[in-house]
Each structure stands twice: as C-alpha cells, then as structure tokens.
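# Descriptive analysis of the structure
Now for the letters of each chain:
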Amino acid sequence: MTRLGIIGFGNISISLAGLLQTQLERQLEHLTIVCRPEYSSQIKQIMKEEYNDIASEYCIATSIEALINNKPNLVVECAGHDAVFEHVPQILSAGIDTVVVSIGALSDVALADSLYNSARKGNSKLLLPSGAIGGIDLLASLQQYGELDVSYRGIKPPAAWSGTPASSLFDLDQLSKETVIFRGTAREAANTYPKNANVAATIALAGAGFDKTKAELVADPKAIANIHEYTVNSPLASYTFRVEAKPLKDSTKTSATTAYSVLREIKNCIGPIVI
Ligand SMILES: NC(=O)c1ccc[n+]([C@@H]2O[C@H](COP(=O)([O-])OP(=O)(O)OC[C@H]3O[C@@H](n4cnc5c(N)ncnc54)[C@H](O)[C@@H]3O)[C@@H](O)[C@H]2O)c1
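Throughout what follows, the structure given in this document is the object of discussion.

Rules used in this analysis
- Sequence positions are assigned chain by chain, starting from 1 and proceeding in written order.
- Confidence filtering applies because this is a predicted model: local features only for residues at pLDDT of at least 70, side-chain atom pairs given and counted only at 80 or more, and all residues used for totals across whole chains, interfaces and linings.
- With hydrogens and water stripped out, all remaining heavy atoms of the structure feed into the side-chain values.
- Strands are runs of DSSP state E lasting at least 2 residues, helices are runs of H or I lasting at least 4, and numbering of each runs from the N terminus.
- Our radius of gyration is a C-alpha quantity, and the globule rule it is checked against amounts to 2.2 Å times the number of residues to the power 0.38.
- Only protein chains enter the calculation, and the probe is 1.4 Å; a residue is then buried if its accessible area is under 20% of its type maximum, exposed if over 50%, and partly exposed in between.
- Accessible surface is estimated by sampling points in the Shrake-Rupley manner with a 1.4 Å probe; for residues, cover comes only from the protein chains shown.
- We treat two strands as partners when DSSP finds at least two bridges between them.
- Axis lines are fitted through C-alpha atoms, for helices just across the contact stretch, and the angle between N-to-C directions can take any value from 0 to 180 degrees.
- In this description, contact between two residues means that some pair of their heavy atoms is separated by no more than 4.5 Å.
- Think of it this way: one heavy atom of a residue within 4 Å of a molecule or strand is enough to make that residue near it.
- Each polar contact in these results corresponds to two N or O atoms within 3.5 Å; when the atoms are within protein, one needs to be able to donate a hydrogen and the other to accept it, and residues that are neighboring in sequence are counted only if both atoms are side-chain atoms.
- Under this grouping Gly is polar, as are all residues other than the nonpolar Ala, Val, Leu, Ile, Met, Phe, Trp, Tyr, Cys and Pro and the charged Asp, Glu, Lys and Arg.
- Between Lys or Arg on one side and Asp or Glu on the other, a salt bridge is scored when a side-chain nitrogen of the former is within 4 Å of a carboxyl oxygen of the latter.

## Some details on the overall build of the protein chain
Each helix and strand counted, the protein chain has 10 helices and 11 strands in total. Expected size for 275 residues packed as a compact globule is a radius of gyration near 19 Å; at 19 Å, the protein chain falls within 12% of this value. Across its three principal axes, the protein chain shows a C-alpha extent of roughly 50 × 45 × 35 Å. A buried classification covers 50% of the 275 residues belonging to the protein chain. Counting every atom, the protein chain has about 13,600 Å² of accessible surface; 49% of that belongs to carbon and sulfur.

Take a look at the structure:
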C-alpha cells in the first residue's frame, strides 16, 4: 500500500504530512490531497515548499471523483463531520479503506448505517483510529463479552469551551473552580458539543454504545491541557484511563496524539506488523 489520499489540509493533516515525510520506511508512491477549491493554490504552494518529498508523485484534488480516479489504497479523512457525510460513503463504496478521524459524526444513526452498508457493498473497511484517547484495544476486547458500564469525563480549560453551548450557559472567563458544563449520554454529548465529541464517540463505539456511555464535560480553570478520562467496569476487568493531551502547535483544540494515531493506522496498513 503506497497510494494514499488525505481529505482536508488543516491542523491534523499538516501535522500528518510532516510525519509521513520523516517517519515512513519507504516514500509513498502517490498522495492525493483533497481540499476545498478556494484553498487549492495555497496548499500547492505549501506542498512545494515544505512537503515536496512526501511521495514520488502527489496532486491536489478538489473532488472525490478525482481522488477515486487516482486509485488510493487508503484514504484518511481529516476534514470534519460534514466531510464524513459528504464523501466517505462514496469512497467506501468504491472499495477503498478509509480512516475517519471525525469519529463524532458516527453518533448520527443514519450516517453510521450508511457507512456500514457502503463498506459492505465496497468490500472495504472503515478504520476508526484511537485519536486523542487510548486503551481502546482493551475496551473493544471487553465489548466482546458485554455487560459494560462506562463513564467518560472530558476536562478542558474554560477558554477551550468558548463558541460552544457552554458559552451561553456559563460565564467561562469568570469560572474559579472546576465546573460540569454537560452531563448526559455520549450521544447527547455528540449532538450538543459536536466539535468536542470525538473522544466520547470513540469510547462509545468501542465500548457500551452511544446511549449507554455516560459523559461529563468539565471546564476547569486549573487545567493546562485537555484531559480525557474514563472508567470501565465489566465482569472481566475494571480500569480507569486518563490522558493529559498536549495540544498541537497553533491549535488549542486538537490533541497532538491524534496525528500520531493516524500515522499508526497508515503504518499498520503498509507494514508487515499490525500493532
Ligand atoms: N478522533 C479524535 O480523537 C479527534 C481529535 C481531534 C480532532 N478530531 C477531528 O478531526 C477533524 C480534523 O481536525 P483538524 O483540527 O485538522 O481540523 P481543521 O479545521 O484544522 O482542518 C480541517 C480542514 O478540512 C478542510 N475541509 C473541510 N471540509 C472539507 C471537504 N468537504 N473537503 C475537503 N476539505 C475540507 C478545511 O478547509 C480544513 O482545512 C475534525 O473533525 C476534528 O473534530 C478528531
């Protein structure tokens, strides 16, 4: 597998481009980057100046048809929830395995069904990376047995919740102590806080499902990083997982680990060992 497609060229994709240039044993044979038409010339320039060695050949495309015509073996979506709706069913139906980073989109039942059916139809795989969280291997193993009780807590500095419904419910600038801004199920969290829904969605999909996973979102003036923690109780094992994720440079919202988890998915697809 050396033909890759990336949808979107924002925080995660740019970070991933740097990793692909330095961390792969062999250069990619071909890379297609899909972007919105208005960003095409800017991205061409960035690629030429900074990532020219990323692949033997690369191109910037503005349509999914162009991406599919380039016959990638794997596509990575790093563009946002709308892009999952717009593009991923078509790519899976065309038989191309696809890594979806915007996992929160899967809280929409109709979209989740459409992705499942498209992957079935295309004999392809929808790959869901661990993203900003971890321990997903153990959680997904325990899911095989069932009877899971899972509670997730997402803690961020108050400023990281600006522009979300919490802005109108709380005076975020004035919070002096840890404050729960949302409590409900993972599905309700995904619907109410879609831009912060990816971790709760990943835990829900690997574990007890969207409607049985409890979620709490917290604004904490003492938090200097995004903290994700969850507790699992099951008849086979119980554990608590907690990660303090450093944000990507230039972005207060995206955890740096996410780009690395996508790199891991790509290496697992390319390399001789899957881990
Ligand atoms: N799974 C996780 O743990 C996790 C963690 C962090 C972020 N995310 C998600 O990953 C996604 C990307 O994050 P980011 O920080 O890189 O976002 P970003 O906003 O920096 O970049 C997204 C890019 O995609 C482009 N884009 C949007 N729609 C497009 C389309 N239809 N076709 C082509 N390009 C399109 C935008 O122009 C932008 O450049 C978001 O949905 C985010 O919520 C997931």
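## Remarks on the sheet that holds strand β10 (residues 226-233)
Taken in spatial order, the 5 strands line up as β8-β9-β7-β10-β11 in an open sheet, and their pairing is mixed. On the outer flanks of this sheet lie β8 (179-185) and β11 (238-245), each paired with one strand and no other. Strand after strand, the sheet turns through a mean of 10° between neighbouring axes, direction not considered. Here β8 runs beside strand β9 (residues 214-219); their pairing, made up of 6 bridges, is antiparallel. Within β9, the residue paired with Phe 182 across the bridge is Leu 217. Running over the sheet, helix α6 (residues 136-145) touches β7 (149-156), β10 and β11 and is turned about 30° from β10. Contacting β7 and β10, helix α9 (residues 198-206) runs over the sheet at an angle of about 165° to β7.

## Some words on the site of the ligand
The immediate surroundings of the ligand are formed by 24 residues, with Asn 11, Ile 12, Ser 102, Asn 198 and Thr 254 found nearest. In the model, a nitrogen atom of the ligand is placed 3.2 Å from a nitrogen or oxygen of the Arg 36 side chain. Relative to its unbound accessible area of 870 Å², the ligand is 81% covered by the protein chains. For the shell around the ligand, the secondary-structure elements that each account for two or more residues are α1 (11-23) and α4 (81-93). Sorting elements by how many residues they give to the shell around the ligand places α4 first, with 4 residues. Here the shell around the ligand is composed, by residue class, of 11 nonpolar, 11 polar and 2 charged.

## Notes on the pairing of β9
The two faces of a sheet get side chains in turn, since along a regular strand they alternate between them. Counting buried positions over the 6 residues of β9 gives 5, a clear majority of the element. Inspection of the sheet shows β7 paired to β9 by 6 bridges, in the parallel sense. Paired with Lys 156 across the strands is Ala 219, a residue of β9.

## Comments concerning the pattern of salt bridges
Scanning the entire structure with this criterion turns up 9 salt bridges. With a shortest N-O distance of 2.8 Å, Arg 187 and Asp 211 are connected by a salt bridge. Taken together, the positions of Arg 187 in helix α8 (residues 186-192) and Asp 211 in the loop between α9 and β9 put the pair 24 residues apart, joining distant regions of the chain. Here the salt bridges share partners, and the residues they tie into one network are Arg 153, Glu 178, Arg 183, Glu 216, Glu 229, Arg 242 and Glu 244.

## Here we look at the sheet that holds strand β4 (residues 74-77)
Taken in spatial order, the 6 strands line up as β3-β2-β1-β4-β5-β6 in an open sheet, and their pairing is parallel. The sheet is open, and its two borders are formed by β3 (55-61) and β6 (126-127), each paired with just one other strand. By the bridge criterion, 4 bridges tie strand β1 (residues 3-7) to β4 in an arrangement that is parallel. Its bridge partner lying in β4, Ile 7 is registered against Glu 77. Running over the sheet, α4 touches β1, β4, β5 (97-100) and β6 and is turned about 155° from β5.

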